[in-house]
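# Examining the three-dimensional arrangement
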Amino acid sequence: MAGATTLRLGAAADFGQTRFEARAATRETPLVKWLILGTALTFFAVFLLMPLIAVFVEALRKGWETYVTALVDPDALSALRLTLIAAAIALPLNLVFGVCAAWAIAKFEFRGKHFLITLIDLPFSVSPVIAGLIYVLVFGAQGWFGPWLAEHDIRIIFAVPGIVLATVFVTFPFIARELIPLMQAQGKEEEEAAVVLGANGLQTFWHVTLPNIKWGLLYGVILTNARAMGEFGAVSVVSGHIRGQTNTLPLHVEILYNEYQFAAAFAVASLLALLALVTLGIKTWIEHRAAAAYRDSQDDAS
Amino acid sequence: MKFSPIRRSLLALVLAPALAAGFVGSAQAQTTLLNVSYDPTRELYQEFNPQFAKHWKSQTGEDVTIKQSHGGAGKQARAVIDGLEADVVTLALAYDIDAIAEKTGKIPTDWQKRLAHNSSPYTSTIVFLVRKGNPKGIKDWGDLVKPGVEVITPNPKTSGGARWNYLAAWGYALKQPGGNEQTAQAFVTQLLKHVPVLDSGARGSTNTFVQRGIGDVLLAWENEAFLSINELGPDKFEIVVPSISILAEPPVTVVDGVAKKRGTEKVAQAYLEYLYSPVGQKLAAKHYYRPVKPEHADPADVARFPKVDLITIEDLGGWQAAQKEHFADGGVFDQIYAR
């Protein structure tokens, strides 16, 4: 999972590709080429494209009116709001944490660095359901802090804070994992130069580090956002499923489906799918810009 | 400042939580009740809640909004134990409320005596839902264990309906000539071997059966079976009533600990009592629950319920005993299912 999230700076790779195919020794026969291509495309069509189309077809099966009604239903709007709130809180938290962690790991040497890197990956390796249960065990009424929280009338589980916590947990690694290799590759020289020229810490970060990592950072933000809005398992455990109050969009889809409101369920699902498509669009644009920026910097260097 | 738009947007991102927090805070104002219920009551309460709100408004002049949470009964009880702040619980069976009473102390242990009819304003039973024309010829419990028959039922660990299903099968086996604990266990063991998938709640099982087309027969709440036929077409499914089934009493109660804290005791109590009123009884029957006061319901609705020979949970020693023997960790269900 983590492997698929690294930003591609692939300008040089395209060039290698052409050379690879032009040489007889490394060229496959057309049959093999088309077989591999065909398999990949069929797989793509059956497992990715078809379900995506199905969502929209099912959503519009009973016409636009049902579709719109499902989306402006107060419960759907409340689910949308909660989803956006969870993302809006999880994103900045992870942004700050991700930059700090990546900065610490890439620019400093300290004891326990590898342990920290491993720890950052924990949310990737743990099932989301466990992530939810962890919070129930810690903050639930029977959990460690449960009695204290109840005494002070603070609600975490089965309320918005629990949903935000679960979302933060599952999206924890995206930004840090994105930045660490990038910052490690860039090294410390530019920052050292800035400091030698008299910049303070904040100035160095703002004028040297941030511009260098901004595309990677935005890419991480996009991935975090996509996961935050789509998370089901962890959020389901801590939500309590109160309609119009603690349901996020993915949970609302499940509820509608369970209530035999299939058109409505697919309508809300199509909204999520649309959000995903927009995210993908932005992601592609960022990749494009990042590759361009990378080429520029290579040109500058040479 | 070539990069400033991006830096500005990053700054905005960091400031967003403060705004979001304000957003959340302003959402709550008037009286709300949270009704934590089990799976198949969704449609009933969807219609009952506004009726009660109207009734309460005319009685007291106060506005009340009722929020619903649905899921497998065991799971829902667990959530309440873990701190889900339910003012009232309307669950599938008494044991789940017992569990809340025992683990949290927020409900007195004699809660079931607080309202009439064991605190169950409506009852139901377990029936079979089969595909149209009944291609496997399923007529009674005995037909479920014939070769090639696939049975759909949820997981008794998490679903109240599944526990009723299981106990109905157990009761059927006990009532057969020569029936005893051993033959009952053998029958239920056989039955579970015919179950390809155990969903966590009744509605999940219904969807497995009707939507995904898995299985030949669904063991279902009577109301759930009627609803499936109603929602998804009488041309696809039919109900088979077995020779013996179980009287399922889904009870309701106020979660005193929560209601006291939130100041909703009165309205919560009135809410549950309203279930026993002519309006509540009529709606229960309309949504395929057997009303405890059928005289208040539409006779046409009541006429839909077939006569069934019903055993009760007391015949099996009551919920505490049944839970301990069958569904607790290491109980009969675990022993059977581990095999």
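Conventions used here
Along each chain, numbering runs from 1 in the same order as the chain's sequence is written. The lettering of chains begins at A and the numbering of ligands begins at 1, in the order of writing. Only residues with pLDDT of 70 or above have their local features reported here, since the model is predicted, and side-chain atom pairs are shown and tallied only from 80 upward, although totals for entire chains, interfaces and linings are computed over all residues. With hydrogens and water stripped out, all remaining heavy atoms of the structure feed into the side-chain values. Strands here mean DSSP runs of E at least two residues long; helices mean DSSP runs of H or I at least four residues long; both are numbered from the N terminus. Here's how the labels work: a residue is buried when its accessible area is under 20% of the maximum for its type, exposed when over 50%, partly exposed in between, all with a 1.4 Å probe on protein chains only. Accessible surface is estimated by sampling points in the Shrake-Rupley manner with a 1.4 Å probe; for residues, cover comes only from the protein chains shown. Positive residues here are Lys and Arg, negative ones are Asp and Glu, while His and the chain termini are left out of the count. By convention, the point assigned to a charge is CZ for Arg, NZ for Lys, CD for Glu and CG for Asp. DSSP calls a pair of strands paired once it identifies at least 2 bridges connecting them. For a helix, the expected span equals 1.5 Å multiplied by the residue count minus one. The angle separating two fitted axes, one through the seven residues that finish at a residue and one through the seven that start at it, defines the bend at that residue. Nitrogen and oxygen atoms within 3.5 Å of one another constitute a polar contact, given that in protein one can donate a hydrogen and the other can accept it, and given that sequence-neighbouring residues count only through two side-chain atoms. Any pair of residues with heavy atoms lying within 4.5 Å of one another is described as a contacting pair. The term buried area refers to how much accessible surface (probe radius 1.4 Å) is lost by two components on association, counted for both of them together. The working definition used for a salt bridge is a side-chain nitrogen of Lys or Arg within 4 Å of a carboxyl oxygen of Asp or Glu. Each residue carries a pLDDT value, the predictor's own confidence for that position, ranging from 0 to 100. Helix axes use the C-alpha atoms of the stretch in contact, all axes being lines fitted to C-alpha atoms, and the angles between their N-to-C directions lie in the range 0 to 180 degrees. UniProt positions are given in the numbering used here, feature names are shortened, and annotations may be inferred rather than shown by experiment. Segmentation of the chain into domains, including their bounds, is taken from an automatic or database domain assignment. Put simply, Ala, Val, Leu, Ile, Met, Phe, Trp, Tyr, Cys and Pro go in the nonpolar bin, Asp, Glu, Lys and Arg in the charged bin, and everything else, Gly too, in the polar bin. Classification of ring pairs rests on two measures: the distance between centres of Phe, Tyr or Trp rings, Trp counted by its six-membered ring, which must be within 6.5 Å, and the angle between planes, read as stacked under 30 degrees, edge-to-face over 60 and tilted in between. Definition used: whenever NZ (Lys) or CZ (Arg) falls within 6 Å of the ring centre and also within 35 degrees of the ring normal, the charge is taken to sit over that ring. Should an angle fall under 35 degrees it is called roughly parallel, over 145 degrees roughly antiparallel, and 65 to 115 degrees roughly perpendicular, with every other angle called oblique.

## Focus on the overall build of chain A
Within chain A, the regular secondary structure consists of 15 helices and zero strands. Along the first, second and third principal axes, the C-alpha atoms of chain A reach 60 × 55 × 30 Å. Relative to its 302 residues, chain A shows a buried fraction of 43%. On chain A, roughly 16200 Å² of surface is accessible, and the fraction owed to carbon and sulfur atoms is 69%. In chain A, 20 positive and 23 negative side-chain charges are present, and the distance between their average locations comes to 5 Å.

## With respect to the sheet that holds strand E8 (residues 237-240) of chain B
Residues and elements named next belong to chain B. Read across the open sheet, the four strands follow the order E6-E7-E5-E8; overall the sheet is mixed. On the outer flanks of this sheet lie strand E6 (151-152) and E8, each paired with one strand and no other. The pairing of E6 with strand E7 (residues 217-221) spans two bridges and is classified as parallel. Residue pairing in the sheet places Ile-152 in a bridge with Leu-218 of E7.

## Brief notes about helix H12 (residues 201-230) of chain A
Residues and elements named next belong to chain A. Taking 1.5 Å of rise per residue, 30 residues should cover 44 Å, yet H12 covers just 37 Å from first to last C-alpha, more than 12% shy of that figure. Its axis deflected by about 60° at Lys-214, H12 carries its strongest bend there. For H12, a buried count of 21 out of 30 residues is recorded, marking the element as mostly surrounded by other parts of the structure. The backbone nitrogen of Leu-202 has a side-chain oxygen 3.2 Å away, supplied by the residue at the start of H12, namely Asn-200.

## Details of the interface of chain A and chain B
The interface is formed by 38 residues belonging to chain A together with 41 residues belonging to chain B. On the chain A side of the contact with chain B, Gln-142, Phe-158 and Tyr-260 of chain A bury the most area, a combined 19% of that side's loss. Linking chain A with chain B are three salt bridges. Close ionic contact of Lys-261 of chain B with Asp-153 of chain A constitutes a salt bridge, the shortest N to O distance being 3.5 Å. Across the chain A-chain B interface, the total number found is eight residue pairs in polar contact (both at pLDDT 80 or more). Contributions of two or more residues to the side of chain A that touches chain B are made by helix H4 (74-107), H12 and helix H14 (249-258) of chain A. Examining the composition of the side of chain A that touches chain B, we find that nine residues originate from one element, H12 of chain A, more than from any other.

## Quick notes on the confidence of the model for chain A
Detail in the predicted coordinates should be disregarded across regions flagged by low pLDDT. Looking at chain A as a whole, its pLDDT mean stands at 86, while 92% of the residues score no less than 70. Here helix H1 (residues 11-22) of chain A stands out as the element of chain A with the lowest mean pLDDT, 60, in contrast to helix H9 (residues 160-171) of chain A, whose mean of 93 is the highest.

## Overview of the sheet that holds strand E1 (residues 31-38) of chain B
All names here are of chain B. Ordered in space as E2-E1-E3-E10, the four strands form an open sheet in which the pairing is mixed. Of all strands in the sheet, those with a lone pairing partner are strand E2 (64-71) and strand E10 (252-254), marking the two edges. Averaged over all pairs of adjacent strands, the angle between their axes in this sheet comes to 20°, without regard to strand direction. Relative to E2, E1 runs parallel, the two being bridged by eight bridges. If you follow Thr-32 over to E2, its bridge partner there is Thr-65. This element, helix H2 (residues 42-60), spans E1, E2, strand E3 (88-90) and E10 of the sheet and lies at about 165° to E2. On the sheet, helix H11 (residues 265-275) packs against E1, E2, E3 and E10 and is oriented at approximately 165° with respect to E10.

## Quick notes on the UniProt feature "domain: ABC transmembrane type-1" (unreviewed entry) in chain A
In the UniProt entry, the feature "domain: ABC transmembrane type-1" (unreviewed entry) is given for residues 80-283 of chain A. Regarding residues 80-283 of chain A, the helix share stands at 79% and the strand share at 0%, and the terminal C-alpha atoms are separated by 22 Å.

## Re the UniProt feature "transmembrane region" (unreviewed entry) in chain A
All names here are of chain A. In the UniProt entry, the feature "transmembrane region" (unreviewed entry) is given for residues 34-57, 77-103, 115-136, 156-176, 217-242 and 262-282. For the annotated span residues 115-136, helix accounts for 86% and strand for 0% of the residues, and the straight-line distance between the end C-alpha atoms is 26 Å. Regarding residues 217-242, the helix share stands at 81% and the strand share at 0%, and the terminal C-alpha atoms are separated by 35 Å.

## Here's the deal with the domain arrangement of chain A
As a measure of interface size, the accessible area lost when the parts come together is often cited. Residue and element names in this part refer to chain A. Taken domain by domain, chain A comprises domain 1 (25-60) and domain 2 (64-300). Here the C-alpha centroids of domain 1 and domain 2 sit 30 Å apart. In this assembly, six residues from domain 1 lie in contact with 10 residues from domain 2. Summed over both partners, the interface of domain 1 with domain 2 buries about 700 Å², with 85% contributed by carbon and sulfur atoms. Of the residues that constitute the side of domain 1 that touches domain 2, the class distribution is five nonpolar, no polar and one charged.

## A word on the packing of aromatic side chains
A complete count under the given rule lists 31 aromatic pairs over all chains for this structure. Taking 6.0 Å as the distance between ring centres and 35° as the angle between the ring planes, the aromatic pair formed by Phe-139 of chain A and Phe-145 of chain A counts as tilted. Residue classification places Phe-139 of chain A among the partly exposed residues on the basis of a relative accessible area of 22%. Residue class for Phe-145 of chain A comes out partly exposed when judged on its relative accessible area of 41%. When the centroid spacing of 5.8 Å and the interplanar angle of 40° are considered together, the rings of Phe-209 of chain B and Phe-237 of chain B count as tilted. One end of the pair, Phe-209 of chain B, is in helix H8 (residues 202-210); the other, Phe-237 of chain B, is in strand E8, with 28 residues separating them in the sequence. Aromatic rings pair up to connect Tyr-45, Phe-48, Phe-52, Trp-56, Tyr-271 and Tyr-274 of chain B into one cluster. Over the face of the ring belonging to Phe-209 of chain B we find Arg-131 of chain B, whose NZ or CZ atom lies 4.0 Å from the ring centre.

## Remarks on the environment of Ala-176 of chain A
Residue and element names in this part refer to chain A. Positionally, Ala-176 belongs in helix H10 (residues 173-186). It is 4.1 Å that separates the C-alpha atoms of Ala-176 and Gly-98, two residues lying 78 residues apart in sequence. Excluding residues within four positions of it along the chain, Ala-176 makes contact with Phe-97, Gly-98, Ala-101, Ala-102 and Ile-120.

## Examining the packing of helix H6 (residues 160-175) of chain B against helix H14 (residues 318-327) of chain B
Residue and element names in this part refer to chain B. Their axes nearest at 12 Å, the elements H6 and H14 cross at an angle of 90°. Looking at the two axes, H6 sits roughly perpendicular to H14. Taken together, the residues of H14 that come into contact with H6 (itself represented by Arg-163, Trp-164, Tyr-166, Leu-167 and Trp-170) are Trp-319, Ala-322, Gln-323, Glu-325, His-326 and Phe-327. Of the residues that constitute the contact of H6 with H14, the class distribution is seven nonpolar, two polar and two charged.

## Notes on H10 of chain A
Residues and elements named next belong to chain A. In a regular helix each residue adds 1.5 Å, so 14 residues correspond to 20 Å; H10 covers 20 Å between its end C-alpha atoms and thus fits that length. Among the residues of H10, those classed as buried are Pro-173, Phe-174, Ile-175, Ala-176, Glu-178, Leu-179, Ile-180, Leu-182 and Met-183. Those residues of H10 hidden inside the fold are in contact with H4, helix H5 (113-120), helix H6 (122-125), H9 and H12.

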